[in-house]
Amino acid sequence: MLEDQRWAAKIFSSGWQPGSGTLDVVEPATGAPLGRTGLADAADVAAASAAAAAAQPAWAAASILDRAAVLRRAAGILEQHLAEITEQLIRETGSVPGKAGFELGLALRTLLDAAGLPSLAQGEVLPTAGDRWSFARRIPIGVVGVISPFNSPIVLGLRSVAPALALGNAVLLKPDPRTPIAGGVILARLFEEAGLPEGLLHVLPGGAETGQAVVRAAEVQMISFTGSAATGRQVGELAAAQLKKTHLELGGKNSVLVLPGADLAKAASAAAFASFFHQGQVCMSAGRILVPEAQHDEFVELLCAAADRLTAGDPRLADSDLGPLIDARQLARIKSIVADSVADGARIRTGGETAGLFMQPLVLSGLRPEHRAWQAEIFGPVAPVMGYRDLDQAVDLVNATEYGLSTSILGDVGTAMRLADRIRSGIVHINEQTIDDEPNVPFGGTGASGNGTRFGGAAANLEAYTETQWLTVRSEIADYPF
Ligand code: NAD
């Protein structure tokens, strides 16, 4: 898949082509070079966009069997090369094998589910007052721009690329410049090997400028963006000025709410997983852990014990539970959020030691709602814990954030169901932690976690990657008074 190096120093745009420059890819665990991709500038993006628009109509008109077959073949190629792709994902993104397995399992299901999209009903027959037939039918959008983040770059790219292609669109994909092989080259190679006709998928590595060029590109009619709320706002503004449809999937400040009477040992294990899985670099990671005041101290001890059992190290080594953070800037940001909160009175209960980009999982207590660690999305292995007086206060604390992505409620199911009615969150898990996804569920957030769009499931994908055309038909040309 990657070994023949046809992709090295190239962008994927009507075949492998030189871009405007190159991007060096580094393994965060070791600093070792992992390869070099091409870098796309605005001119590369404009050329890709025009080529995509030229290739798209024939693809939209292709047999549904042909479109489905490309998706199925891409799934087969992913399975065939699973070991190599897993290794690349581990090294490039600092994922431990369990996280890589979760991501690639989702990626495979995403491709297989997308293969079913072309044969779904693409519209409705509408009742009409006229002497005619009236239909609402789904047609492809045309060219879709996809901008993806570093943390789970394969599945977060594929969850847009696969349904968009399946439904007859062409796609421009801009992966994060820190993970352009996993987030870009691998997707290009999958579809290249699967026989996707040339010009339908363009992989354009680069940073903010390349992303802006994708949003601006004349032929791009829709943007599917996954990343931070700050960047999402900029992308949303730029796209809105050009009247382009946007799907924004952004950050989170997700709560784990432990109910009175819950099994504390199990709750601490769930909270540890939600806080520390993939070093806390998941949009659904727990950013707030709420425990009844009476159980606070015992819970913090259990959570600290769970944190202390974890080792941050090279994800290729069997005893590493956490890999490295993606880069030094991210680590510095995490440290500054913790330091600010400690200066304001929070207490580090365990962890926080760093070596290179590795950070031991950290538990914070003594927090107040205004503390930065309680307010900001940390995106690192930090678990802020707070005690609550009663359930009303707990609900207020959960809802007191601009975000609304995922919430976990642990304990009595009846109580949890009643609280779920009062919690503003796109996702609620009862007796499970905050991090999960399946390609057939309506995944997405409220508030600053997104603009209300949903990923996954046939209905959401049809809504996202098609437009609706009103089509009427009469058996003869109608009579008019003019
Ligand atoms: P980011 O917003 O900095 O970057 C995301 C992508 O946008 C990258 O490809 C980046 O190169 C690109 N980009 C940056 N500036 C841009 C601009 N001005 N115009 C266009 N594109 C631009 O995100 P990050 O901090 O690297 O990623 C982590 C964030 O992503 C977290 O906030 C996390 O919660 C969020 N995330 C959300 C989901 C979700 O499904 N809701 C999933 C994963 C990550």
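Structural notes, computed from the coordinates. (Residues numbered from 1 in each chain as written. Predicted model: local features only at pLDDT ≥ 70, side-chain atom pairs only at ≥ 80, totals over all residues. Heavy atoms only, no water.)

With respect to the sheet that holds strand 20 (residues 406-410)
Line of reasoning, step 1. The strand order 14-17-18-13-12-20-21 describes an open sheet built from 7 strands, whose pairing is mixed. The sheet is open, and its two borders are formed by strand 14 (347-350) and strand 21 (427-430), each paired with just one other strand. Neighbour to neighbour, the strand axes of the sheet diverge by 25° on average, direction disregarded.
Line of reasoning, step 2. Pairing between strand 12 (residues 254-258) and strand 20: 4 bridges, direction parallel. (Pairing = 2+ DSSP bridges. Helix = DSSP H or I, 4+ residues; strand = E, 2+ residues; numbered from the N terminus. Axes fitted to C-alpha atoms, helices over the stretch in contact; angles between N-to-C directions.)

Details of the site of the ligand
Line of reasoning, step 1. Surveying the vicinity of the ligand reveals 30 residues, the closest of which are S148, R159, S228, L250 and E377.
Line of reasoning, step 2. In the model, a nitrogen atom of the ligand is placed 3.3 Å from a nitrogen or oxygen of the Q212 side chain.
Line of reasoning, step 3. For the ligand, the accessible surface in isolation is 850 Å², of which the surrounding protein chains cover 91%.
Line of reasoning, step 4. With respect to the detected pockets, the ligand is housed in the largest pocket.
Line of reasoning, step 5. Those elements giving two or more residues to the shell around the ligand turn out to be helix 5 (153-166), helix 7 (208-216), strand 10 (220-226) and helix 8 (229-241).
Line of reasoning, step 6. Its residues assigned to classes, the shell around the ligand comprises 14 nonpolar, 10 polar and 6 charged. (Near = heavy atom within 4 Å. Polar contact = N/O pair within 3.5 Å; in protein donor to acceptor, adjacent residues only side chain to side chain. Areas by Shrake-Rupley, 256 points an atom, 1.4 Å probe, with all protein chains shown as cover. 1 Å grid on protein atoms, 1.4 Å probe; cavity = no way out; pocket = protein on both sides within 12 Å on 5 of 7 lines; lining within 4 Å. Sits in = over half its atoms within 2 Å of the grid points. Nonpolar A, V, L, I, M, F, W, Y, C, P; charged D, E, K, R; others polar.)

Regarding the environment of I289
Line of reasoning, step 1. Structurally, the position occupied by I289 is in strand 13 (residues 286-292).
Line of reasoning, step 2. Using a relative accessible area of 0% as the deciding quantity, one classes I289 as buried.
Line of reasoning, step 3. Through-space distance from the C-alpha of I289 to that of E3 is 44 Å; in sequence the pair is 286 residues apart.
Line of reasoning, step 4. Apart from residues lying up to four places away in sequence, I289 is in contact with V256, A271, S275, F299, L303, W374, A383, P384, V385 and M386. (Buried < 20%, exposed > 50% of the residue type's maximum accessible area, 1.4 Å probe, protein only. Contact = heavy atoms within 4.5 Å.)

Side note on empty space enclosed by the protein
Line of reasoning, step 1. All told, the structure shown has 3 cavities of 30 Å³ or more when counted by the stated rule.
Line of reasoning, step 2. Counted as a void, the largest cavity has a volume near 170 Å³.
Line of reasoning, step 3. Taken together, 16 residues make up the lining of the largest cavity; nearest its centre are F102, S152, L156, V282 and M284.
Line of reasoning, step 4. Mapped by element, the contributors of at least two residues to the lining of the largest cavity are helix 4 (97-115) and helix 5.
Line of reasoning, step 5. Among the elements that make up the lining of the largest cavity, the one with the highest residue count is helix 4 (4 residues).
Line of reasoning, step 6. For the lining of the largest cavity, the class distribution of residues is 10 nonpolar, 2 polar and 4 charged. (Points joined across faces, edges and corners; volume = space filled by probe spheres on them.)

What to know about the pattern of salt bridges
Line of reasoning, step 1. In this structure the tally under the stated criterion is 17 salt bridges.
Line of reasoning, step 2. Here E193 ties to R189 by a salt bridge, and the two come within 3.0 Å at their closest N and O atoms. Pair noted here: E193 and R189 are both in helix 6 (residues 181-193), with a separation of 4 residues, about one helical turn.
Line of reasoning, step 3. Judged by relative accessible area, which is 3%, R189 ranks as buried.
Line of reasoning, step 4. With its nearest N and O atoms 2.9 Å apart, the salt bridge here joins D392 to R422. Here the residue D392 occupies a position in helix 13 (residues 391-399), and R422 occupies one in the loop between helix 14 (413-420) and strand 21, the gap between them amounting to 30 residues. (Salt bridge = Lys/Arg side-chain N within 4 Å of Asp/Glu carboxyl O.)

Some remarks on the packing of helix 4 against helix 5
Line of reasoning, step 1. Packing of helix 4 against helix 5 leaves a shortest axis separation of 9 Å and a crossing angle of 0°. Classed by the angle they form, the pair helix 4 and helix 5 counts as roughly parallel. In this structure, helix 4 contributes E103, L104, L106, A107, T110, L111 and A114 to the contact, and helix 5 contributes P153, I154, V155, L158, R159, A162, P163 and A166.
Line of reasoning, step 2. For the contact of helix 4 with helix 5, the residue count by class is 12 nonpolar, 1 polar and 2 charged. (Parallel < 35°, antiparallel > 145°, perpendicular 65-115°, else oblique.)

Things to note about the packing of aromatic side chains
Line of reasoning, step 1. All told, the structure shown has 4 aromatic pairs when counted by the stated rule.
Line of reasoning, step 2. Between the aromatic rings of F12 and W16, the centroid separation amounts to 4.7 Å while the plane-to-plane angle is 50°, which identifies the pairing as tilted.
Line of reasoning, step 3. By relative accessible area, W16 is classed as buried at 15%.
Line of reasoning, step 4. Each residue in the set F102, F273 and F277 is aromatic and connected to the rest through ring pairs, giving one cluster.
Line of reasoning, step 5. The positively charged end of R159 is found above the aromatic ring belonging to F455, 3.8 Å away from the centroid. (Phe/Tyr/Trp six-rings, centres within 6.5 Å; stacked < 30°, edge-to-face > 60°. Lys NZ or Arg CZ within 6 Å of the ring centre and 35° of its normal.)

As for the sheet that holds strand 6 (residues 133-140)
Line of reasoning, step 1. A sheet is described by the order of its strands in space; here 3 strands give the open sequence 5-6-23, paired in antiparallel fashion. Unpaired on one side and paired on the other, strand 5 (123-126) and strand 23 (466-473) mark the two borders of the sheet. On average, each strand axis in the sheet is tilted by 20° relative to the strand beside it, whichever way the strands run.
Line of reasoning, step 2. Across 4 bridges, strand 5 lies against strand 6 in antiparallel orientation. Bridge pairing links E124 to A136 in strand 6.
Line of reasoning, step 3. Lying on the sheet, helix 15 (residues 458-465) is in contact with strand 6 and strand 23; it crosses strand 23 at an angle near 80°.

Note that every value here comes from positions in space, so none of it alone points to a role or purpose.
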